[in-house]
Amino acid sequence: AEEDLPTVIFAAGAGVTTAVNYWILNGVSQKTNICVYDRAGIGWSEESNLRRDAKTVNEALHTLLDRSNIRRPFVFAGHSIAGLYMRDYVERYPDEVIGLAFLDPSHPNQFAMFDFSDAQKKELDDSVVSQFNTIDWLVKLGVMEVYNPLLQGFGDLGSYPEEVQKQMTYLSKRSTSHKAFLAELGDFDNAAKQAANNKTLGDRPIVVISATKKWDKNMLPEFITPEIMQDVMAKMQKEITALSTNSKRVEIDTADHMGIITNKENAAKAVNLINEVVKESANKLKNTQTENAQSKEKE
């Protein structure tokens, strides 16, 4: 890791443990220091029994960074729901974040942009809860030892190092992680409202990395077509890109929402883009420090 580069703090998607993000974390850590953690109840972290809104998540993260003596400002990288947490963090602690990398991020107004009715939103929520109730039963019955539907969603498990495969298999069966995932989704609306307070990212270097592989219609509810999904996701992510005057959006057309993280080749592309933001952020920091030093001399 290069000494003068900012640390990267990585935040995972809803309910996703650090093990799943191995390719991204391993790639970025070749260049600079990273800090990665499992939120309450996920992976190796114990349950907090606290809310899962962005405020609670970020106050916990801020305390963790303080206690770990993590150098600020840092580059924030995050996947999916972490897009909300990252924007809320910038709003609460603006001097601490120098650059951001969003991987297929959530948007504060995404349900309105999809134009879901309350009944459709409830149908989505109910189906997720019912899937996880089924998974908890499969764990109790021992079926997950033979067939693990959660791991199917993570793509080619065999490409991960053996140690990471073991962690993913073990953690996928923990009911605490399933409950934490449902709690994070349950507080999505509150996290979204808090993230919506962030109206600008100024001139921070940012990249929005979009997974643009066509959605499988069998993975979507009947009231969303793959075309609508693509269009709305693109619109959402273009809006996030426009928050900074120093931003770019890059499409990875071989990646779906999870494949941007779990597929080794897709992840390698994302790592290069995150590393670019780290470098730009380091230059921005250097320029700011030089300007500050010069203005002090004038005084």
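Description of the structure in this document. (Residues numbered from 1 in each chain as written. Predicted model: local features only at pLDDT ≥ 70, side-chain atom pairs only at ≥ 80, totals over all residues. Heavy atoms only, no water.)

## A few points about the environment of His-62
Piece 1. Along the polypeptide, His-62 turns up in helix H2 (residues 54-67).
Piece 2. Along the backbone, His-62 and Asp-95 are 33 residues apart, and their C-alpha atoms lie at a distance of 12 Å.
Piece 3. Setting aside anything within four residues of it in sequence, one finds His-62 in contact with Arg-72, Tyr-89, Tyr-93 and Glu-96. (Helix = DSSP H or I, 4+ residues; strand = E, 2+ residues; numbered from the N terminus. Contact = heavy atoms within 4.5 Å.)

## Things to note about the sheet that holds strand E3 (residues 74-79)
Piece 1. In space, the six strands of this open sheet follow the order E2-E1-E3-E4-E5-E6, with parallel pairing throughout. What marks the edges here is a single partner per strand, and that holds for strand E2 (34-36) and strand E6 (244-252). Taking the axes of each pair of neighbouring strands and ignoring which way they run, one obtains an average angle of 15° across the sheet.
Piece 2. Judged from the three bridges that link them, strand E1 (residues 8-11) and E2 form a sheet pairing that is parallel. Each residue of the ladder has a partner; that of Phe-10, found in E2, is Val-36.
Piece 3. On top of the sheet, helix H12 (residues 264-298) reaches E1, E3, strand E4 (97-103), strand E5 (202-211) and E6; it is set at about 180° to E5, its chief contact. (Pairing = 2+ DSSP bridges. Axes fitted to C-alpha atoms, helices over the stretch in contact; angles between N-to-C directions.)

## A short note on the packing of H2 against helix H3 (residues 82-92)
Piece 1. Direction vectors running N to C along H2 and H3 enclose 65°, while the axes themselves pass 9 Å from each other. Regarding the angle of H2 to H3, the classification is roughly perpendicular. Remark: the crossing between H2 and H3 carries right-handed chirality. Packed against H2, whose contacting residues are Ala-54, Lys-55, Val-57, Asn-58, Leu-61, His-62 and Leu-65, the element H3 presents Tyr-85, Asp-88, Tyr-89 and Arg-92 at the interface.
Piece 2. Considering only residue class, the contact of H2 with H3 consists of six nonpolar, two polar and three charged. (Parallel < 35°, antiparallel > 145°, perpendicular 65-115°, else oblique. Left-handed = near helix turned anticlockwise from the far one by under 90°. Nonpolar A, V, L, I, M, F, W, Y, C, P; charged D, E, K, R; others polar.)

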